Every structure is written in structure tokens, then in C-alpha cells.
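Survey of secondary and tertiary structure
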Amino acid sequence: MGAGSEAGAAGHGTADHGTAGHGTADYGLAERAHAALRARGGTVAVAESLTGGLLAAALVDVPGASATFRGSVTAYATELKASVLGVDEGLLDVHGPVHPVVARQMAEGVRKLLGATYGVATTGVAGPEPQDGQPVGTVHLAVAGPGGTLVSSPRLSGERATIRHRAVTAALELLVGRLPSGTSAH
């Protein structure tokens, strides 16, 4: 995203299970994602803008994450979304970096770039000011996988750090909801 729209304080919540800066809900969601991926030999990679690395941190907080987490790209600058993740430059020129199709292309791009079964992406406006005509709390998330790409655009509210934390939680929920269900052993 553009300058001033996404950098800032890390997420917050109770520190539990050794999590640093992530709530127990995020830890539980990340555990469930890893368990479902392990059960099927799958992997995940993330492309972050709005969350600035918080999603990757939530995933690697879980012991054993290296078995399923391939890596991440924090493409904060708009031009990196195109040059690194393969987001269409024309799309970025017309709509800016905060758009559901940008999230879709980021997820698909990181999935391909890092050779993962699933790619997850976050983009949006955390504030404190609107960006490119988009109000604070505009968030677009995507999960790309073998069955296609699912995009979610929750409208989040709160302070900057709260919006970023809620975006991480929503992205983990989207990923867990997208993974094939079944019995997951811990």
C-alpha cells in the first residue's frame, strides 16, 4: 500500500502459548490451518500489504510451522505488488492497491512464486487517513488454492492496530474455512 496506510504498531492480544503479540484466537486458527495442511501434505505462503508481516508472524508462532509454511512477501510498496507478485500494473494504475482483484492476484502470485498449495493475501487501509479514495477499514483478503481463489472484503473498524489485527484474524479464518475439513490431530 502507499506510504502511511499500513505501517505501524504490531497487533495486540493476550500472549498465550508463547505467542508474541497475537491473540489466542489467531494462535488457535493458525494451529488449525497447520493441522489441516499437514494432514494433506499441503503448504501455505502469504503476501501481505495491510498487515505488514503480522499474518506470517501469526503462522510461524505455531511450533512445527516449518512443515507447512513456505514463506511470505511483504509487498508494502505498490510497485512491488506488480514486480514481485505479478499483480497487473494496469489494474493498479486504474484502481490502486486496495481492490479485491489486487488481493486475488497477490494470493495467486505468492502461491506461484513460493511454490505453495495455498496463497493468502491482505491489502487495505488501516488508517489513520483514507487512501486513494478508500475509507479507513476497507480490507480485501484472498486465498488461492487448488480449487480456485476466494476473495473476502470485510469492513473493519477501530484504531489502526486493531484493523490490522482483525485483518490477520479474518485472513486466518478465510484460510481455515477454505481448507478441506476432516479430523485434525494436534
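Residues numbered from 1 in each chain as written. Predicted model: local features only at pLDDT ≥ 70, side-chain atom pairs only at ≥ 80, totals over all residues. Heavy atoms only, no water.

Here we look at the overall build of the protein
Our working definition: Only runs of H or I of at least four residues qualify as helices and only runs of E of at least two qualify as strands under DSSP, and these elements are numbered from the N terminus. Burial status follows relative accessibility: with a 1.4 Å probe on protein chains alone, a residue under 20% of its type maximum counts as buried, one over 50% as exposed, and anything between as partly exposed. Every residue pair with non-hydrogen atoms within 4.5 Å of one another is taken to be in contact. Values of accessible area rely on a 1.4 Å probe in the Shrake-Rupley scheme; residue burial ignores everything except the protein chains shown.
When its secondary structure is counted, the protein shows 6 helices and 5 strands. Within the protein, buried positions represent 51% of all 186 residues. Within the protein, contacts between residues separated by at least 24 positions form 67% of all contacts whose residues are at least 6 apart in sequence. For the protein, the accessible surface area stands at approximately 7,800 Å², while carbon and sulfur atoms represent 53% of it.

What to know about the pairing of strand 2 (residues 69-74)
Under the convention used in this document: Pairing between strands is defined by DSSP: at least two bridges between the two strands are required. Here the term right-handed applies to a crossover when the path leading from its first strand over the helix to its second strand runs clockwise, the strands being oriented away from the viewer.
Sheet topology note: the strand 1 (residues 44-48)/strand 2 ladder contains 5 bridges and is parallel. Paired with alanine 45 across the two strands is glycine 71, which belongs to strand 2. After leaving strand 1, the chain enters helix 2 (residues 54-60) and then returns to the sheet as strand 2, a path that is right-handed.

Let's talk about the sheet that holds strand 2
Sheet strands line up and pair through hydrogen bonds in the backbone, either parallel or antiparallel. Our working definition: Axis definition: a line fitted to C-alpha atoms, limited for helices to the stretch in contact. Angles are taken between N-to-C directions and run from 0 to 180 degrees.
Pairing is mixed in the open sheet, where 5 strands are placed in the order 2-1-3-4-5. Of all strands in the sheet, those bounded by a partner on one side alone are strand 2 and strand 5 (148-152). Sheet twist, expressed as the average angle between the axes of neighbouring strands with direction ignored, equals 15°.

Some words on the confidence of the model for the protein
How we decide: Every residue gets a pLDDT, meaning the predictor's confidence in that residue, from 0 to 100.
With 85% of its residues at a pLDDT of 70 or more, the protein has an overall mean of 88. This stretch, residues 182-186, has a pLDDT under 50; its non-local contacts, to residues over four places away or in other chains, come to 5 contacts.

A word on the pairing of strand 1
Counting buried residues in strand 1 gives 5 out of 5 residues, a clear majority hidden from the surface. On strand 1, burial covers both faces: Val44, Val46 and Glu48 on one face and Ala45 and Ala47 on the other are all buried.

What about the packing of helix 1 (residues 24-40) against helix 6 (residues 160-178)?
To be explicit about the condition: Between 65 and 115 degrees an angle is taken as roughly perpendicular, under 35 as roughly parallel, over 145 as roughly antiparallel, and anywhere else as oblique. Crossings are assigned a handedness: left-handed for a near helix turned anticlockwise from the far helix by less than a right angle, right-handed for a clockwise turn. Ten residue types, Ala, Val, Leu, Ile, Met, Phe, Trp, Tyr, Cys and Pro, are classed as nonpolar, four, Asp, Glu, Lys and Arg, as charged, and the remainder, Gly among them, as polar.
For the pair helix 1 and helix 6, interaxial distance at closest approach is 9 Å and the crossing angle is 25°. Considered as vectors, helix 1 and helix 6 are oriented roughly parallel to each other. Note on packing geometry: the crossing formed by helix 1 with helix 6 is left-handed. Taking contact as the criterion, the partners of Asp26, Leu29, Ala30, Arg32 and Ala33 in helix 1 are, on helix 6, His165, Val168, Thr169, Leu172, Glu173, Leu175 and Val176. Residues belonging to the contact of helix 1 with helix 6 are distributed by class as follows: 7 nonpolar, 2 polar and 3 charged.

Remarks on a nonpolar patch on the surface
Note the cut-off: Here, patches come from residues exposed beyond 30% relative accessible area and free of salt bridges, joined within 9 Å for like charges and within 5 Å for nonpolar side chains (Val, Leu, Ile, Met, Phe, Trp, Tyr). The working definition used for a salt bridge is a side-chain nitrogen of Lys or Arg within 4 Å of a carboxyl oxygen of Asp or Glu.
A cluster of nonpolar side chains, Leu80, Val84 and Leu113, forms an exposed patch at the surface whose accessible area comes to about 220 Å². With respect to the secondary-structure elements, valine 84 resides in the loop between helix 3 (78-83) and helix 4 (89-95). Given the relative accessible area of 36%, valine 84 is considered partly exposed.

Some thoughts on the side chain of threonine 169
The topology assignment puts threonine 169 in helix 6. Discounting residues that sit within four places of it in the chain, threonine 169 has contacts with Asp26 and Leu29.

Some details on the nonpolar core
So the rule is basically this: We define the nonpolar core as a collection of buried residues of types Ala, Val, Leu, Ile, Met, Phe, Trp, Tyr and Cys that are connected through side-chain atoms lying within 4.5 Å of one another.
Among the nonpolar cores identified, the biggest contains 33 residues, and Val44, Leu55, Leu59, Val120, Leu172 and Leu175 are the most heavily contacted of them. Listing elements by their share of this core, those giving two or more residues are helix 1, strand 1, helix 2, strand 3 (118-124), strand 4 (139-145) and helix 6. With 9 residues, the single largest contributor to this core is helix 6. Dropping the residues within four chain positions of it, valine 44 is found in contact with Leu37, Leu59, Thr68, Phe69, Arg70, Gly71, Ala116, Tyr118, Val120 and Leu175. The next biggest cluster of nonpolar side chains, apart from the first, holds 18 residues, and it includes Ala75, Val102, Met106 and Ala144.

Quick word on the environment of valine 101
Looking at where valine 101 falls in the secondary structure, it is placed in helix 5 (residues 100-113). In this structure, the C-alpha to C-alpha distance between valine 101 and leucine 141, residues 40 residues apart in sequence, is 9.7 Å.

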